[in-house]
Amino acid sequence: RKDWGCRWWSKWIANIELTVAQECTVVVYYFNGRRGQGKVNDFTTAGEEHVRREAIEQRREIFLESEAFRNALEAGLKHLPKDKGPDSSSPYSREVQRLFLAWLPQEDRQFLVSSEGLGNSQKAEVAWLKRKGYSYIEKEVWELESSSPKAIGRAIQ
């Protein structure tokens, strides 16, 4: 539970209700290459699924201390670039993620992989939209590039 959670959620719901009342289009943005993926099973399971993802992610620290990770570093992982791209990942972080997923038991790995596509709060938001029966368009983040400068926070020149 976050201090800002309840206030944010109530403001988000109010904005969506206004959007629907004004017959505007709701747009859900997914990570690139993940359109339609990463949804929770249902609004009622969103919290439970979040707790499970966090419990699995906490095991990353164990992985980072493991012999398997140390071996990967020595085999060349430490030489991969760490400069972050537009998606905030780097060759190094992507390889660490791949190795972490491979290290996990299959059930946990499949759960995390199936969770990719939306951020944690977005998972609950999309489940709420579905629960309310509100329609929405699914896009990927790269599609913001075709949005107006004002819509994506760029200065209009």
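Residues numbered from 1 in each chain as written. Predicted model: local features only at pLDDT ≥ 70, side-chain atom pairs only at ≥ 80, totals over all residues. Heavy atoms only, no water.

Visitor: Sorry if this is basic, but what is going on with the environment of Arg 131 here?
Guide: Position of Arg 131 relative to the elements: it lies in helix 7 (residues 120–132). Sequence separation between Arg 131 and Phe 43 is 88 residues; the distance between their C-alpha atoms is 6.8 Å. (Helix = DSSP H or I, 4+ residues; strand = E, 2+ residues; numbered from the N terminus.)

Visitor: What exactly am I supposed to notice about the packing of helix 5 (residues 91–103) against helix 6 (residues 106–115) here?
Guide: When two helices pack together, their arrangement is given by the angle between the helix axes and the distance between those axes. In the contact formed by helix 5 and helix 6, the axes pass within 7 Å of each other and the chain directions differ by 140°. When the axes of helix 5 and helix 6 are compared, the pair comes out oblique. Where helix 5 approaches helix 6, its residues Phe 100, Leu 101 and Ala 102 are matched on the opposing element by Arg 109, Leu 112 and Val 113. When its residues are assigned to classes, the contact of helix 5 with helix 6 shows five nonpolar, no polar and one charged. (Axes fitted to C-alpha atoms, helices over the stretch in contact; angles between N-to-C directions. Parallel < 35°, antiparallel > 145°, perpendicular 65-115°, else oblique. Contact = heavy atoms within 4.5 Å. Nonpolar A, V, L, I, M, F, W, Y, C, P; charged D, E, K, R; others polar.)

Visitor: When you look at the side chain of Glu 125 in this model, what are you seeing that I'm missing?
Guide: Examined against the element boundaries, Glu 125 turns out to sit in helix 7. In this structure, Glu 125 is buried with no salt-bridge partner, the nearest side chain bearing the opposite charge being Lys 123 at 11 Å. (Buried < 20%, exposed > 50% of the residue type's maximum accessible area, 1.4 Å probe, protein only. Lys, Arg positive; Asp, Glu negative; His and termini not counted. Salt bridge = Lys/Arg side-chain N within 4 Å of Asp/Glu carboxyl O.)

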